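# Tertiary structure, described
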Amino acid sequence: MTSPTSHTRRLTGFVTAALLVGVAALGAACSSDSTTTPTSSTSTEAPSPTSVPNTNAEGVTALGAWARTSPMSATTGAAYMELVGGPTDDELVGASVASTIAASVELHETSMAGGDMDDMGDSMGMMTMRQVPSIAVPAEQTVALTPGGLHLMLIELAKPLEAGEVFDLTLSFASGEQLVVPTEVRAG
Amino acid sequence: MHPTTSPTRPLPHRATRWAGLLCALSLMVATGCGSSAHTLSGMVRQPLPAVDTVALPDLTGGDAPFAFRAPEGGLLLVYFGYTFCPDICPTTLSDVKAALERLGDDASRVEVAFVTVDPARDTAENLGGYIGFFAGEAGHALRTEDPVTLETAAEGFGASYEVTTNAEGEIEVGHSANLYVVDDQGRLLLTWPFGTSAEALTADLQYLLDSESTTEMQRKVTP
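Residues numbered from 1 in each chain as written. Chains lettered and ligands numbered in written order. Predicted model: local features only at pLDDT ≥ 70, side-chain atom pairs only at ≥ 80, totals over all residues.

Moving on: the overall build of chain A. A count of helical and extended segments in chain A gives one helix and 10 strands. In chain A, the succession of α and β elements from N to C terminus is α-β-β-β-β-β-β-β-β-β-β. (Helix = DSSP H or I, 4+ residues; strand = E, 2+ residues; numbered from the N terminus.)

Structural data, given as structure tokens:
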């Protein structure tokens, strides 16, 4: 079910991110059209935490963000957190990190491969991971990104993630809002 | 065998799984009733399957054939995965690492085999370092390019996997996320489902390692 829309929507997230970085002072919140021309290639440069607060009283809050330490030879990593919805429904549509951490970030979900569950519906079968276009964050509700479920996949790690390290993950939402989330690396 | 709704997928061993689950459940009841202090978190398939009939090249041992058998008096943990897997493989292997640390001296009796189900992308360069990160010297990186050998090995454990390319040209890998325990006679003693905690892994391993013989270990899972 990973359709081309996932790509478009992800791009939209990045474009939105880039635009917001550029015009943060204007508080733009309406650049959701996928046909918007990318005006900047700096979308992976996270804005400083002071310009976009991690906890926004009006929007989604991220709690307990962490990423697992990665083996030297691994090219991918994963980050987890809890997203707490604000007063209105929103949707996580994209994420990014500095290029010194990873080339890109995708929204993924690990789940049981369809139809492979046995009669007891337990986890004896195959698990598979696929990209998802967005992650809904309903108003006032908590969405958990946890191992074995929804997660942010870090692609083409620049270097192994080492325990104790903290890096910024920039989340982009359908509302146009952005959240910079300090993410701690730990063994799990 | 049972019919399956998706013929393209390797056959899930539904019947044996059912049997295993029933055994595990009855075992929990039995042990819960007081004959033993420990309730296993892992599931047991009976009769205990022999999984050492297939040998795969061990990249960490100069490509020497490695049969699924623990060192004498010890245990072998086996996981089927791939190194591009950012979520479930490192989650389980981190728990293995934590369990080995908790076992202390007894950890020297435990080895860990990581079998790649994605040999096209997992190469000699990245596999050894990958399992070494989690299991150190105890790690074995097993890789074969022969699909039949890999499939036969996986079948012994009741493991399944599939590597496909989606419409966008991205490789998608599905695989059993279980962790397996094998004794020094090549018998599959336990199957832990994804999400079994490091504490639970440690407790089951310690319970089995506190045995005088392999026969005692086998009796502990099949009383």
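With that out of the way, let us pick up helix H4 (residues 147–157) of chain B. Residue and element names in this part refer to chain B. The set of residues buried in H4 consists of Leu150, Ala153, Ala154, Gly156 and Phe157. Taken down its axis, H4 places every buried residue within 155 degrees of arc, on the same side. Set apart from the buried face of H4 by more than 90 degrees, the exposed residues are Pro147 and Val148. Of the surrounding secondary structure, the elements contacted by the buried residues of H4 are strand E1 (55–58), strand E3 (75–81), strand E4 (110–116), strand E6 (161–165), strand E8 (179–182) and strand E9 (188–192). Glycine 158 lies just past H4 and shows a positive phi near 80 degrees. (Buried ≥ 20, exposed ≤ 12 C-beta atoms within 10 Å, placed from the backbone. Arc of directions from axis to C-beta. Contact = placed C-beta atoms within 7 Å.)

With 63 residues, the main nonpolar core has Leu77(B), Val78(B) and Val182(B) as its most contacted residues. Ignoring sequence-local partners within four residues, the contact set of Leu77(B) consists of Val96(B), Val110(B), Val112(B), Leu179(B), Tyr180(B) and Val181(B). (Core = buried A, V, L, I, M, F, W, Y, C linked by C-beta atoms within 7 Å.)

Turning to the pairing of E9(B), a few remarks are in order. Residue and element names in this part refer to chain B. The element E9 is largely enclosed, with a buried count of five among its five residues. Both E8 and E9 contribute to a ladder of four bridges, which runs antiparallel. Within E9, the residue paired with valine 182 across the bridge is leucine 188. Hairpin connection of E8 to E9: five residues between the antiparallel strands, including glycine 186 at a positive phi of 75 degrees. (Pairing = 2+ DSSP bridges.)

To continue, consider the packing of helix H2 (residues 88–103) of chain B against helix H5 (residues 198–209) of chain B. All names here are of chain B. At their nearest, the axes of H2 and H5 sit 8 Å apart, and the two run at 50 degrees to each other. It follows that H2 is oblique to H5 by the angle criterion. For the pair H2 and H5, the sense of crossing is right-handed. When H2 is examined against H5, the residues Asp95, Val96, Ala98, Ala99, Arg102 and Leu103 are found in contact with a partner set consisting of Ala198, Leu201, Thr202, Leu205 and Gln206. (Axes fitted to C-alpha atoms, helices over the stretch in contact; angles between N-to-C directions. Parallel < 35°, antiparallel > 145°, perpendicular 65-115°, else oblique. Left-handed = near helix turned anticlockwise from the far one by under 90°.)

The next point concerns H5(B). Residue and element names in this part refer to chain B. Look at H5: 16 Å from first C-alpha to last across 12 residues, which is about the 16 Å you get at 1.5 Å a residue. Within H5 the residues assigned to the buried category are Leu201, Thr202, Asp204, Leu205 and Leu208. The inward-facing, buried residues of H5 abut E3, H2, E4, E9 and helix H6 (214–221). (Expected span 1.5 Å × (residues − 1).)

This brings us to the confidence of the model for chain B. Residue and element names in this part refer to chain B. Chain-level statistics for chain B give a pLDDT mean of 87 and a share of 84% at 70 or above. Taken together, the stretch residues 29–35 has pLDDT below 50 and engages in seven contacts with residues farther than four places along the chain or on a different chain. Predicted complex metrics record ipTM = 0.77 and pTM = 0.76. (pLDDT = per-residue confidence, 0-100.)

This part takes up unusual backbone geometry. The omega torsion across Gln46(B) and Pro47(B) is -5 degrees, close enough to zero to call that bond cis. Positioned with a positive phi, Glu156(A) is a non-glycine residue whose angle comes to about 55 degrees. In this structure, Glu156(A) sits in strand E8 (residues 150–157).

You can see Phe68(B) is positioned in the loop between strand E2 (64–67) and E3. What Phe68(B) contacts, discounting residues up to four positions off in sequence, is Val51(B), Asp52(B), Leu76(B), Val78(B), Ala113(B), Val182(B) and Gly186(B).

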